[in-house]
Amino acid sequence: MSGSYPRIGVLGIQGDCAAHAAALAEAGAEAVDVRKAGDLEGLDGLILPGGESTTMLRFLDRHGLFDRLREFVSHKPVFGTCAGTILLAKEVRNPAQRSLGVLNATVERNAYGRQIDSSILTGPTALAGGPMEMVFIRAPRIVKIGEGVETLAMRDGFPVLVRQGNIVAATFHPELSPDRRVHRFFVEIVRRLRRENPATNGD
Ligand code: GLN
């Protein structure tokens with residue numbers, strides 16, 4: 001039903017899934033915990049939260065989720081934060097590792113230093129409403145973007161929030177700040193796609 005709340009999965013392996021679920025609720029979507037392939041059934045979109053991307057990859061392999069997830073993100077909206085962005089990128093460095101490979105970008109892991117160098121900054125964004133608080137935790141750096149990728153916020157000259165069609169990726173953690181603009185931006189992409197393709201709802 002296009003009038004109802006969109007149902008958006010949150011990959012529940014590790015990371016702050018509860019914070020993402022709360023942010024989705026505030027942004028007008030229903031959050032669904034995703035831990036196995038069957039949980040993706042009928043979802044309108046998906047969030048890949050932060051965590052440790054190597055651990056997440058191992059979990060995806062162990063639960064036979066990698067291929068199903070790759071299929072899902074090839075045609076449904078997806079929003080990655082931090083390690084989620086690493087999973088989405090076409091190329092991962094420091095070290096190189098496998099990924100879902102849908103985001104036209106090269107990402108360098110742990111590029112801003114170790115845990116103690118994690119930081120909270122406020123910086124400009126192309127999203128309406130003025131500067132945005134950004135929480136970085138052992139963040140990756142988007143060192144290169146390719147065709148079709150739009151930069152919505154930057155730090156030190158590198159993109160930290162990008163959009164490529166129905167893909168949104170942040171190297172920081174918008175779910176940890178009270179500002180809901182990034183989640184609302186993603187939910188709006190999900191809503192628009194549901195309106196345009198009612199036939200694919202719930203596939
Ligand atoms: N350092 C993590 C990685 O490389 C990402 C950190 C995060 O998601 N907060 O996978």
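The present account deals with the structure reproduced in this document.

The helix and strand inventory of the chain stands at 5 helices and 12 strands. For the chain, the spread of C-alpha atoms along the principal axes amounts to about 45 × 40 × 30 Å. Taken over 203 residues, the chain has a buried fraction of 52%. Accessible area of the chain: about 8,800 Å², with a carbon and sulfur share of 51%.

Turning to the sheet that holds strand β6 (residues 103-108), a few remarks are in order. Taken together, 3 strands build an open sheet; the order of strands is β5-β6-β9 and the sheet is mixed. Looking along the sheet, the strands with just one partner apiece sit at the ends: β5 (89-93) and β9 (141-145). Each adjacent strand pair in this sheet contributes to an overall mean axis angle of 25 degrees, direction not counted. With 4 bridges joining them, β5 and β6 adopt parallel strand pairing. Considered in β6, the bridge of Arg93 is made with Glu108.

A separate point is the nonpolar core. Leu11, Leu48 and Leu69 are the most contacted members of the largest nonpolar core, which totals 34 residues. Elements represented by at least two residues in this core include exactly β2 (30-34), β3 (45-48), α2 (53-62), α3 (66-73), α4 (83-88), β5, β6 and β12 (167-170). Residues within four places of Leu69 in sequence aside, it is in contact with Leu11, Leu40, Leu46, Leu48, Leu60 and Leu100. One finds Ile47, Tyr112, Ala139 and Leu161 within the second-largest nonpolar core, a separate group that totals 27 residues.

This next bit is on the site of the ligand. Looking at the ligand, the residues that line it are Gly50, Gly51, Glu52, Ser53, Cys82, Ala83, Ile86, Arg109, Asn110, Ile137, Arg138 and His173. One nitrogen or oxygen atom from the main chain of Arg138 is found 3.1 Å from a nitrogen atom belonging to the ligand. Isolated, the ligand exposes 300 Å² of accessible area, and the fraction of that covered by the protein chains is 96%. Considering only residue class, the shell around the ligand consists of 4 nonpolar, 5 polar and 3 charged.

Another point: the sheet that holds strand β4 (residues 78-81). Taken in spatial order, the 7 strands of this open sheet run β2-β1-β3-β4-β12-β11-β10, and their pairing is mixed. One side of each edge strand has no neighbouring strand; the edge strands of this open sheet are β2 and β10 (150-155). On average, each strand axis in the sheet is inclined to that of its neighbour by 20 degrees, with strand direction left out of account. Sheet strands in contact with helix α1 (residues 17-26) are β1 (7-11), β2, β3 and β4, and its direction is about 165 degrees off that of β1.

What follows concerns α3. Listing the buried residues of α3 in full gives Phe66, Leu69, Phe72 and Val73. An end-on view of α3 places all buried positions within 125 degrees of arc, on one side of the element. On its buried side, α3 packs onto β1, β3, α2 and β4.

What follows concerns the packing of aromatic side chains. Under the criterion given, the structure shown has 3 aromatic pairs. Ring geometry for Phe79 versus Phe186: centroids 5.5 Å apart, planes at 45 degrees, classification tilted. Of this pair, Phe79 sits in strand β4 while Phe186 sits in helix α5 (residues 181-196), and the two are 107 residues apart along the sequence. Residue Phe79 shares its accessibility class with Phe186, and that shared class is buried. Ring geometry for Phe136 and Phe172: centres 5.9 Å apart, planes at 55 degrees, overall tilted. Of this pair, Phe136 sits in strand β8 (residues 132-136) while Phe172 sits in the loop between β12 and α5, and the two are 36 residues apart along the sequence. When the ring centre of Tyr112 is taken as reference, the NZ or CZ atom of Arg155 above it lies at 4.2 Å.

What counts, and where the lines are drawn
- Residues numbered from 1 in each chain as written.
- Predicted model: local features only at pLDDT ≥ 70, side-chain atom pairs only at ≥ 80, totals over all residues.
- Heavy atoms only, no water.
- Helix = DSSP H or I, 4+ residues; strand = E, 2+ residues; numbered from the N terminus.
- Buried < 20%, exposed > 50% of the residue type's maximum accessible area, 1.4 Å probe, protein only.
- Areas by Shrake-Rupley, 256 points an atom, 1.4 Å probe, with all protein chains shown as cover.
- Pairing = 2+ DSSP bridges.
- Axes fitted to C-alpha atoms, helices over the stretch in contact; angles between N-to-C directions.
- Core = buried A, V, L, I, M, F, W, Y, C linked by side-chain atoms within 4.5 Å.
- Contact = heavy atoms within 4.5 Å.
- Near = heavy atom within 4 Å.
- Polar contact = N/O pair within 3.5 Å; in protein donor to acceptor, adjacent residues only side chain to side chain.
- Nonpolar A, V, L, I, M, F, W, Y, C, P; charged D, E, K, R; others polar.
- Arc of directions from axis to C-beta.
- Phe/Tyr/Trp six-rings, centres within 6.5 Å; stacked < 30°, edge-to-face > 60°.
- Lys NZ or Arg CZ within 6 Å of the ring centre and 35° of its normal.

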